[in-house]
Amino acid sequence: MEKRLVAYIKDELVPGYDGALDAKTPLLEEGVLDSMRIMRLLSFLEEEFDVVVDTDDFDPENFESISAICDMVARKKS
Amino acid sequence: MDFSFSAEQKSFRRSVVDFAKAKLASPPEGGKFWRAGFELCAEFGLTALPLPEAFGGLDRDIVDCVLAMQALGTHCRDSGLLLALNSHLFTCALPLAQYGTDEQKEHYLARLARGEIIGGHAISEPEAGSDAFSLRTRATVDGDGYRITGNKCFTSNAPVADVLLVFARTQTEASNPMAGLTCFIVDTAAEGVTLGPELVKMGMEGAPTGEVFFDDVYVPRQRILGKVGSAAAIFNSEMEWERCCLFAAHLGTMVRQLEMCVRYANTRKQFGQPIGKQQAIAHKLADMKVRIELGELVLHKTAWMKQQGKRAPLEAAITKLHISEGFVQSSLDAIQIHGGNGYIRDYGVEQDLRDAIATKIYSGTSEIQRNMIASWLGL
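Nothing here was measured: the structure is a model prediction, and the numbers come from that model.

A. Representation of the overall build of chain A in the model. Along the backbone of chain A there are three helices and zero strands. Along its sequence from the N terminus, chain A presents helices and strands in the succession α-α-α. Over its C-alpha trace chain A gives a radius of gyration of 11 Å, about what one expects of a compact globule, namely 12 Å for 78 residues. Dimensions of chain A, computed from the C-alpha atoms along their principal axes, are close to 35 × 20 × 20 Å. In chain A, which comprises 78 residues, the proportion classed as buried is 50%. For chain A, long-range pairs separated by at least 24 residues make up 57% of all intrachain contacts whose partners lie at least 6 apart in sequence. Within the structure as shown, chain A displays about 3,900 Å² of accessible surface, and the carbon and sulfur contribution to it stands at 43%. Each charge class in chain A was averaged separately, 9 positive and 19 negative side chains, and the resulting centres sit 5 Å apart.

B. A look at the packing of helix α1 (residues 7-23) of chain B against helix α3 (residues 62-75) of chain B. All names here are of chain B. Two numbers describe how α1 lies on α3: the axes approach to 9 Å, and their chain directions differ by 30 degrees. Regarding the angle of α1 to α3, the classification is roughly parallel. Crossing hand, α1 versus α3: right-handed. Contacts between α1 and α3 involve Gln9, Phe12, Arg13, Val16, Val17, Ala20 and Lys21 on the former and, on the latter, Val63, Asp64, Leu67, Ala68, Ala71, Leu72 and His75. Of the residues assigned to the contact of α1 with α3, the class counts are nine nonpolar, two polar and three charged.

C. Seen up close, helix α8 (residues 313-338) of chain B. Residues and elements named next belong to chain B. In a regular helix each residue adds 1.5 Å, so 26 residues correspond to 38 Å; α8 covers 37 Å between its end C-alpha atoms and thus fits that length. Judged by how many residues are buried, α8 sits mostly within the fold: 20 of 26 residues are covered. In the segment just after α8, Gly339 is the residue with positive phi, at about 60 degrees.

D. Quick look at α3 of chain B. Residue and element names in this part refer to chain B. Between the first and last C-alpha of α3 there are 20 Å, a value that for 14 residues agrees with the 20 Å anticipated at 1.5 Å per step. Counting buried residues in α3 gives 13 out of 14 residues, a clear majority hidden from the surface. Among the residues of α3, the N-terminal cap falls to Asp61, whose side-chain oxygen and the backbone nitrogen of Val63 are separated by 3.1 Å.

E. Representation of the packing of aromatic side chains. Inspection of the entire model under this criterion finds nine aromatic pairs over all chains. Among the aromatic residues, those joined into a cluster by ring pairs are Tyr8, Phe44 and Phe49 of chain A. Between Arg40 of chain A and the ring centre of Trp376 of chain B, over which it is positioned, the NZ or CZ distance is 5.8 Å. Geometry around Phe12 of chain B places Arg60 of chain B over its ring, the cationic atom sitting 3.9 Å from the centre.

F. Focus on the interface of chain A and chain B. Taken together, the 21 residues of chain A in the interface contact 23 residues of chain B. Interface of chain A and chain B: buried area, both sides summed, is about 1,900 Å²; carbon and sulfur atoms make up 61% of it. Ranking the residues of chain A by area buried against chain B places Met36, Met39 and Thr55 of chain A at the top, with a combined share of 31%. Seen at the junction of chain A and chain B, the total is one salt bridge. Across the pair Arg311 of chain B and Glu46 of chain A runs a salt bridge, and its minimum N-O distance is 3.0 Å. At the boundary of chain A and chain B, one finds four residue pairs in polar contact (both at pLDDT 80 or more). Ranked by residue count, the leading element in the side of chain A that touches chain B is helix α2 (residues 35-49) of chain A, at nine residues.

G. Quick peek at the pattern of salt bridges. All names here are of chain B. Inspection of every chain in the model, using the stated rule, returns 21 salt bridges over all chains. The shortest N-O distance in the salt bridge between Arg221 and Asp144 comes to 3.5 Å. Taken together, the positions of Arg221 in the loop between β7 (209-220) and β8 (224-225) and Asp144 in the loop between β2 (138-142) and β3 (145-156) put the pair 77 residues apart, joining distant regions of the chain. Relative accessible area serves as the criterion here: at 35%, Arg221 is assigned to the partly exposed category. Owing to a relative accessible area of 49%, Asp144 belongs among the partly exposed residues under this scheme.

H. Structural detail: the side chain of Arg37 of chain A. Residues and elements named next belong to chain A. Take Arg37: it is sitting in helix α2. Overall, Arg37 belongs to the buried group, its relative accessible area being 19%. A polar contact is formed between the side chain of Arg37 and the backbone oxygen of Leu13, at a distance of 3.4 Å.

I. Looking closely at a nonpolar patch on the surface. On the surface, Met1, Phe3, Val290, Leu294 and Leu297 of chain B cluster together into a nonpolar patch covering about 610 Å² of accessible area. Tracing the sequence through the fold places Phe3 of chain B in the segment before α1.

J. Summary view of the nonpolar core. Counting residues in hydrophobic clusters, the biggest one holds 124 residues, and the most contacted among them are Ile9, Leu41, Leu45 and Phe63 of chain A. It is helix α6 (residues 231-267) of chain B that provides the largest number of residues to this core, a total of 20 residues. Sequence-distant contacts of Leu45 of chain A, that is, excluding residues within four places in its chain, are made with Leu5, Asp50, Val51, Phe63, Ile69, Met72 and Val73 of chain A. Grouped together as the second largest cluster of nonpolar side chains are 17 residues, Ala158, Phe184, Val217 and Val219 of chain B included.

K. Looking closely at the pairing of strand β1 (residues 119-122) of chain B. All names here are of chain B. Residue alternation in β1 divides its side chains into two sets, Gly119 and His121 and Gly120 and Ala122, and both sets are buried. Note that β1 and strand β4 (residues 163-169) share four bridges and pair parallel. Note that in β4 the partner of Gly120 across the bridge is Leu164.

Rules used in this analysis
Residues numbered from 1 in each chain as written. Chains lettered and ligands numbered in written order. Predicted model: local features only at pLDDT ≥ 70, side-chain atom pairs only at ≥ 80, totals over all residues. Heavy atoms only, no water. Helix = DSSP H or I, 4+ residues; strand = E, 2+ residues; numbered from the N terminus. Rg over C-alpha atoms; globule rule 2.2 N^0.38 Å. Buried < 20%, exposed > 50% of the residue type's maximum accessible area, 1.4 Å probe, protein only. Contact = heavy atoms within 4.5 Å. Areas by Shrake-Rupley, 256 points an atom, 1.4 Å probe, with all protein chains shown as cover. Lys, Arg positive; Asp, Glu negative; His and termini not counted. Charge placed at Lys NZ, Arg CZ, Asp CG, Glu CD. Axes fitted to C-alpha atoms, helices over the stretch in contact; angles between N-to-C directions. Parallel < 35°, antiparallel > 145°, perpendicular 65-115°, else oblique. Left-handed = near helix turned anticlockwise from the far one by under 90°. Nonpolar A, V, L, I, M, F, W, Y, C, P; charged D, E, K, R; others polar. Expected span 1.5 Å × (residues − 1). Polar contact = N/O pair within 3.5 Å; in protein donor to acceptor, adjacent residues only side chain to side chain. Phe/Tyr/Trp six-rings, centres within 6.5 Å; stacked < 30°, edge-to-face > 60°. Lys NZ or Arg CZ within 6 Å of the ring centre and 35° of its normal. Buried area = accessible area lost by both parts, 1.4 Å probe. Salt bridge = Lys/Arg side-chain N within 4 Å of Asp/Glu carboxyl O. Patch = residues over 30% accessible without salt bridge, like charges linked within 9 Å, V, L, I, M, F, W, Y side chains within 5 Å. Core = buried A, V, L, I, M, F, W, Y, C linked by side-chain atoms within 4.5 Å. Pairing = 2+ DSSP bridges.

The values are spatial; any link to function lies outside them.
Listed below in C-alpha cells is the structure:
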C-alpha cells in the first residue's frame with residue numbers, strides 16, 4: 001500500500017515535486033497535500049483500496065504522512 | 001447506458017413544473033427577498049427535498065433535487081429566490097442532516113424542512129474568498145464550548161437567516177490552512193452576532209446577501225457540526241451538492257431563455273422574414289441549445305455519481321464551470337437576438353445577464369474551477 005501511495009503522490013499529485021518523499025514526509029507541512037490534492041487523493045484511496053473515507057476521517061492527523069494515510073486505510077479495511 | 005428517467009421521476013418533475021408555473025411565475029417587483037415565495041416553496045416541500053422523512057423531509061436523492069431545481073429555474077422568474085432556497089437547503093439543512101448529531105437534527109431539521117427558520121452558511125471573509133481555507137475567524141475554547149470572533153462577507157441569506165453554519169479556525173498553529181477548521185451551528189439571535197445590512201447587488205436581488213460579525217460569540221460544544229477539524233470535508237461535500245443543484249436551476253433558466261429567444265426569432269421580422277431565418281441569429285440559437293444539452297449531460301452525470309455514493313469534485317467543477325460560463329454567454333446572446341428590446345429592463349431579457357454574472361463568481365469562481373480541473377490533470 002505504501003509503495004502504491006508513494007507512486008501515486010509522486011506521479012499524479014505532485015509530478016514536479018523535487019523533495020524526498022517517503023512514509024514519514026510531512027505531507028501537509030511540506031505543502032505536498034493541499035485542499036485540491038486531498039480531494040484527488042480521497043478519490044484514489046476509495047477506488048484503489050475500496051474504502052469509504054467519510055467526514056469523521058477527515059482529520060489532519062490522518063493525512064499528515066503516507067504512513068498515517070496507510071494506517072487510516074488499514075483501520076478502515078479491518 | 002440509460003439516459004431516461006423513471007416514470008416516478010418524470011411525475012415528480014411534472015409536479016414541480018406545475019407548482020412553479022402556478023405559484024412562482026410572477027414574483028413581485030422590487031428586487032427584494034420574496035419571503036412569500038419562499039413560504040410557498042416550503043408548503044410544497046421544496047425546503048425539505050433531500051431531508052430525512054423523520055424530520056419532515058421528502059428523502060429525495062440528488063437526481064430528484066437536480067430535476068426539481070431545473071424545473072424551478074425554467075418556471076420561476078426569481079433566480080434570487082432559488083439562490084436563497086439553495087443556500088438554505090444545500091448549504092445548511094442538508095449538511096445538518098448528513099453530519100449533525102441526533103440532538104442537532106431534533107433541534108433544527110424539522111423547522112428548516114418546514115421553512116419556519118431560514119438557514120445559510122458563512123465561510124467567505126474579506127481576506128478569504130477564493131482562498132476560502134485561509135479564513136481568519138477564530139474559535140477558541142471556553143469551558144464546554146467555544147468563543148467565535150471574526151467577520152464573514154457575501155453570506156447568502158445572512159440578512160434573513162435564523163441559523164448559519166459558520167466556518168472558523170480552531171487550530172491556529174496548523175501547518176496547512178485546511179487543517180484546524182471547524183463548522184459551528186450558530187443562531188443569528190445569539191449574543192454577539194450582528195447581521196450587516198443587505199448588500200445591493202448587480203443581479204440576484206431576490207437573494208439577500210450580507211455581512212455577519214461575530215464578537216466573542218459563545219457556542220456550546222454541542223453545536224459543532226461533525227468533528228473538530230472536519231469542516232473542510234463538510235464544505236467540500238456542500239460544494240458538490242451546490243454545484244449540481246444550484247447550477248441545475250441556472251440550466252433551467254437557460255432553457256426558458258432559449259424558448260423566449262426562439263419565440264422572438266420566429267415572430268420578429270426584418271428584411272421581410274423572421275430574424276430566425278437569418279443564419280447569424282439561427283447560429284446563436286443553435287449554440288445556446290448546445291450549451292444546454294452539454295450542461296445537462298455533465299450535470300446529470302455528476303448527480304448520478306453522487307447518487308451512487310461516489311465523490312465527484314472534478315465533475316462538479318466541470319458542471320459548475322460549463323453552466324455558469326454558458327449562462328453568461330447565452331444571456332449575452334439573448335440580448336443580442338432581442339436587439340434594443342433586450343437592453344430594456346421592462347422586456348425581461350437583461351435580468352438574466354445580471355444574474356448570470358454572479359454564477360461565475362459564487363460557489364467558487366471560474367478561475368478556481370479551472371484550477372481544480374488543472375490540478376486533476378497533475379498540473
